[in-house]
Amino acid sequence: MKTLLASAVICLVPVIAQATAIKEALWAPRAAAYRHTLFLGNLSPVPWEKIEASWNRAVPGSSLPDAAVSRASDEEAAALNSALQVQDRQALFEAATVIVAQGILRHLENADAGLGTPEAATELAKAETLYRAFEDAIRTVDEPAARQLGRAWLILNSSLGSGGVLGQGGQESNKSEFANARKDVSDYIRTNYLPAEFATRDKLAPVPETVFLSGQEVKLPATLPPGSNIADQSELPRLILQLEEAGEDEANLPLVAYGDMLFDSPEIFGGPAQELGIACSTCHNRSDINREFFIPGLSYRPGGMDVDGAFFNPMFNDRNDDHLDTPSMRGIRFTAPYGRDGREPSLRRFIRNVIVTEFAGKEPTPFQLDALVAYVREFDWLPNPQIDRAGRLTDKASDAAKQGEAIFNTDFPGLNGKSCASCHTPDQNFTDGLTHDIGSSEPPFPGGTATAFETPTLRNINFTAPYMHDGSLPTLASVVDWFNDTRNLGLDEEQRADLTAYLEAIGDGEEPYQRFEGRDSVFRLSWEELTTFASTLDTLLPARDVQNIALLIDTVAPDLAADASVMTNQAAKSEIYELSAILRAVGDASAEGDWGDAEQQWQKFKTMQAAIDERMF
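Per chain, the residues get numbers from 1 upward, laid out in the order the sequence is written. Given that the model is predicted, a residue must reach a pLDDT of at least 70 before its local features are reported, and side-chain atom pairs must reach 80 or more before they are shown or counted; all residues, however, enter totals for whole chains, interfaces and linings. Remark: hydrogens and water are excluded; side-chain values derive from all non-hydrogen atoms of the structure.

1. Considering the overall build of the chain
Logical step 1: A run of H or I in DSSP becomes a helix once it reaches four residues, and a run of E becomes a strand once it reaches two; helices and strands are each numbered from the N terminus. Of regular secondary structure, the chain possesses 23 helices and four strands.
Logical step 2: Taken over the C-alpha trace, the chain has a radius of gyration of 28 Å; the compact-globule value for 617 residues is 25 Å, and the two agree within 12%.
Logical step 3: Seen along its three principal axes, the alpha-carbon backbone of the chain occupies a region of about 80 × 65 × 55 Å.
Logical step 4: When each of the 617 residues of the chain is scored for burial, the buried share is 54%.
Logical step 5: Within the chain, contacts between residues at least 6 apart in sequence are counted, and of these 67% link residues at least 24 apart.
Logical step 6: Between the centroid of the 52 positive side chains of the chain and the centroid of its 91 negative side chains there is a distance of 2 Å. The globule rule used for comparison is 2.2 Å times the number of residues to the exponent 0.38, while the radius of gyration itself is calculated over C-alpha atoms. Partly exposed describes any residue whose relative accessible area lies between the buried limit of under 20% and the exposed limit of over 50%, with all areas from a 1.4 Å probe on protein chains only and scaled to the type maximum. Throughout, a contact is declared for two residues whenever any of their heavy atoms are within 4.5 Å. In this tally, Lys and Arg are treated as positive and Asp and Glu as negative; His is ignored, and so are the chain termini. Charge coordinates come from a single atom per side chain, which is NZ of Lys, CZ of Arg, CG of Asp or CD of Glu.

This is the structure we're talking about:
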């Protein structure tokens, strides 16, 4: 649910420190392909076929379904294809950069030639959409040039002239101003993105050539390629916490509340994950999954990614392009072992592995692990009236589902004399706590041993498509067909339909998505979460826990301010900004050891929060 700034030389898509990720504007095909090239070209091993596809097919995040290479000149396309053929990263960087830079110059030339016509505005707009591929790098590492170029683009637009409205208020184009501004932009592009010879780059990034050659330390935001989506899915899953269902307030359980905050905090991760604002909740929306999560180059399909590649933690790079489907965390206290391959026997070890190994975070403290474990153990499944406590169907299930239940419990020769229920044990929440090689993964080499995967629970699976460890099967019906075909179960069409109906019955759940009705709103949900997180200061301040106070403030204060943007009552935004500032003051005072002031600011926060609560509710 977070999106924060980054600082590593990788690739660029500008982001803002905030709680709710902003959907970015679509990119021009060549600019999108260029940014994909930089992102993918920094992976190890380089996925050459994906880079080639980004130029020769419509690329995610592009505004048009055109192949980017079709907009390059024959000479430019030949240089690009040559670099791809010999798999030369430096040559690829140079060819791709030239395509974008020459495109900017050509569109500016066309705009100049057509000044005073509607076509000039179109050509200028095309030049600007391509300049976007370089703009954030220039703004980050060459701020004076960025300001000068920004003014030049404004002059270019204002110099176009206007036909006015119904012939009134028209404005003549200004050819001399346009020419001067065009020269400013063109000269910078030629010098920095069309040099006679490019310097060799270890990391592919659109750093201006003059800056790169200067030897100055360059830090660019670590970002994602066009078409990425790390925002919460559009339908937020409904969160079921045992404590709340029992009528308890999370604020009365500070360890759980702090774990909830950590689950929503990128601060516990390192490297690009922290910098991009990725938290546990980014992939596991409200304990379930984010079915819209997608990063081109890391994700085969929405809802998962390759977590052990070069991007998030190079030390954990297994050099295999192996997308994993994101598992739901509902009922996770019952579903050991953890990890798709069951590598971790306990929740504590699993959580530590995600933080440190997968996402390059620092070693969490024992308190932080205690808090995260306490929180995720509260996750429960959606209630399902179609099954009882032993996992048997109730009278609310359909006749087809009941026929399917019999099939589910039938032993098959193709399953080594076992049934589906042998592994997906109904009275054990439809899992057996073991790993199995079911033939869904190929051995790593001829004669090698294929990976065994943990038996996933079948509870609430109606809401976690796609299926299998890699998300390769889109529906429960396709899962039934896969087992029927690969295990020679011999089920006819009606039996397969019954077995699917059974899976849909045991995989159902009541009210699966968060409802926003009446006074309920996205902001109110965020407000309740964030103020609950802040309530842990009642425990942390007396304990003089500077480290965890700072982590909480760095997570909650910016989120409060950012979430004000989704308030229905926009006039009240200033109050939320003020509240965020007060929370910052608590953190500043505690960092300086001024505990009296920290307590005073905290009391001020609670007083103002209570006043806002009273009006809001």
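2. Some words on the state of the cysteines
Simply put, disulfide is the name for a covalent bond between the sulfur atoms of two cysteines.
Logical step 1: Two cysteine sulfur atoms form a disulfide, by the criterion used here, when they sit within 2.5 Å. Counting across every chain of the model gives zero disulfides.
Logical step 2: Free of any disulfide, C420 has its nearest cysteine sulfur in C423, 8.8 Å distant.

3. Brief notes about the nonpolar core
Logical step 1: By nonpolar core is meant a set of buried Ala, Val, Leu, Ile, Met, Phe, Trp, Tyr and Cys residues that side-chain atoms within 4.5 Å join together. In this structure, W55, I104 and F134 are the most contacted members of the largest nonpolar core, which totals 130 residues.
Logical step 2: Here the element with the most residues in this core is helix 4 (residues 89-113); it accounts for eleven residues.
Logical step 3: Those residues in contact with F134 that sit more than four places away from it in its chain are Y34, T97, V100, A101, I104, I189, Y193 and P206.
Logical step 4: Counting residues in each nonpolar core, the second largest holds 29 residues, with L458, A465, V479 and L489 among its members.

4. Considering the pattern of salt bridges
Logical step 1: When a carboxyl oxygen of Asp or Glu lies within 4 Å of a side-chain nitrogen of Lys or Arg, that pair is called a salt bridge. Tallied over the full model, the rule gives 29 salt bridges.
Logical step 2: The closest approach of N and O atoms between R340 and D325, which form a salt bridge, is 3.2 Å. Of this pair, R340 sits in the loop between strand 2 (324-325) and helix 13 (347-358) while D325 sits in strand 2, placing them 15 residues apart in sequence.
Logical step 3: When its relative accessible area of 4% is taken as the criterion, D325 is described as buried.
Logical step 4: With its nearest N and O atoms 3.1 Å apart, the salt bridge here joins E344 to R349.
Logical step 5: Ionic contacts of the salt-bridge type, sharing partners, join the residues D112, K175 and R182 into one network.

5. Considerations on the confidence of the model for the chain
Fine structural detail should not be taken from predicted coordinates in areas where pLDDT scores are low.
Logical step 1: On average, residues of the chain score 92 in pLDDT, and 95% of them reach the 70 mark or higher.
Logical step 2: Values of pLDDT, the confidence the predictor places in each residue, fall between 0 and 100. Across residues 1-19, confidence stays below pLDDT 50; counting only partners more than four residues off in sequence or on other chains, it has 99 contacts.

6. Concerning a nonpolar patch on the surface
Logical step 1: Patch definition: residues with relative accessible area over 30% and no salt bridge; like charges joined within 9 Å; nonpolar side chains (Val, Leu, Ile, Met, Phe, Trp, Tyr) joined within 5 Å. Using a 1.4 Å probe, the Shrake-Rupley method yields the accessible areas, and only the shown protein chains count as cover for residues. On the surface, F516, V522 and V566 cluster together into a nonpolar patch covering about 210 Å² of accessible area.
Logical step 2: As for its position among the elements, V522 is in helix 19 (residues 522-534).

7. As for the packing of helix 1 (residues 29-41) against helix 2 (residues 48-56)
Working note: a packed helix pair is described by the angle between its axes plus the distance between those axes.
Logical step 1: To define axes, lines are fitted to C-alpha atoms, for helices over the stretch in contact only, and angles between the resulting N-to-C directions are given on a 0 to 180 degree scale. Contact pair helix 1 / helix 2: the axes reach a minimum separation of 9 Å and the direction vectors enclose 175°. One way to sum up the angle between helix 1 and helix 2 is to call them roughly antiparallel. Across the interface between the two elements, R30, A33, Y34, H36, T37, L40 and G41 from helix 1 touch K50, I51, S54 and W55 from helix 2.
Logical step 2: Each residue is assigned to one class: nonpolar for Ala, Val, Leu, Ile, Met, Phe, Trp, Tyr, Cys and Pro, charged for Asp, Glu, Lys and Arg, and polar for all the others, Gly among them. Residue composition of the contact of helix 1 with helix 2, by class: five nonpolar, four polar and two charged. For classification purposes, an angle smaller than 35 degrees is called roughly parallel, one larger than 145 roughly antiparallel, one from 65 to 115 roughly perpendicular, and anything else oblique.

8. What to know about unusual backbone geometry
Logical step 1: With an omega of 0°, the peptide bond between A336 and P337 qualifies as cis.
Logical step 2: Among the secondary structure elements, P337 is positioned in the loop between strand 2 and helix 13.
Logical step 3: Positive phi is not limited to glycine here, since S287 has a value of about 80°.
Logical step 4: The exposure class of S287 is buried, given its relative accessible area of 0%.

9. Things to note about the layout of surface pockets
Logical step 1: Residues are called lining when one of their atoms sits within 4 Å of a cavity or pocket point, these points coming from a 1 Å grid over the protein atoms alone, where a cavity is a set in which a 1.4 Å probe fits but cannot get out and a pocket is an open set with protein on both sides within 12 Å along at least five of seven lines. Grid points are joined across faces, edges and corners, and a volume is the space filled by probe spheres set on the points. Considered as a void within the structure, the second largest pocket measures approximately 1,000 Å³ in volume.
Logical step 2: Looking at the second largest pocket, it is lined by 44 residues, and the ones nearest its centre are L236, R286, Q514, L525 and E529.
Logical step 3: The set of elements that each furnish at least two residues to the lining of the second largest pocket consists of helix 9 (242-245), helix 10 (254-263) and helix 19.
Logical step 4: For the lining of the second largest pocket, the element with the highest residue contribution is helix 19, accounting for eight residues.
Logical step 5: Here the residues of the lining of the second largest pocket sort into 17 nonpolar, ten polar and 17 charged.

10. Side note on a negative patch on the surface
Logical step 1: Negative charge collects at one region of the surface, where E244, E245, E248 and D249 lie side by side.
Logical step 2: Counting through the fold element by element, D249 comes out in the loop between helix 9 and helix 10.
Logical step 3: With relative accessibility at 43%, the residue D249 sits in the partly exposed group.

11. Remarks on the side chain of S265
Logical step 1: With respect to the secondary-structure elements, S265 resides in the loop between helix 10 and helix 11 (271-276).
Logical step 2: Judged by its relative accessible area of 0%, S265 falls in the buried class.
Logical step 3: Polar contacts, as counted here, are pairs of nitrogen or oxygen atoms within 3.5 Å of one another; within protein the pair requires one atom able to donate a hydrogen and one able to accept it, and residues that are adjacent in sequence qualify only if both atoms are side-chain atoms. At 3.1 Å, the side chain of S265 and the backbone nitrogen of E267 are in polar contact.
Logical step 4: Discounting residues that sit within four places of it in the chain, S265 has contacts with A279, L551 and T555.

12. Remarks on the packing of helix 15 (residues 399-408) against helix 18 (residues 493-506)
Logical step 1: Two numbers describe how helix 15 lies on helix 18: the axes approach to 7 Å, and their chain directions differ by 100°. Here helix 18 runs roughly perpendicular to helix 15, going by the angle between their axes. Contacts between helix 15 and helix 18 pair A400, A401, Q403, G404, E405, I407 and F408 from the former with Q495, D498, L499, A501, Y502, L503 and A505 from the latter.
Logical step 2: Of the residues assigned to the contact of helix 15 with helix 18, the class counts are nine nonpolar, three polar and two charged.

13. Observations concerning helix 2
Logical step 1: Turning to helix 2, its buried residues number three or more, namely W48, I51, A53, S54 and W55.
Logical step 2: Against the buried residues of helix 2 lie helix 1, helix 3 (74-86) and helix 4.

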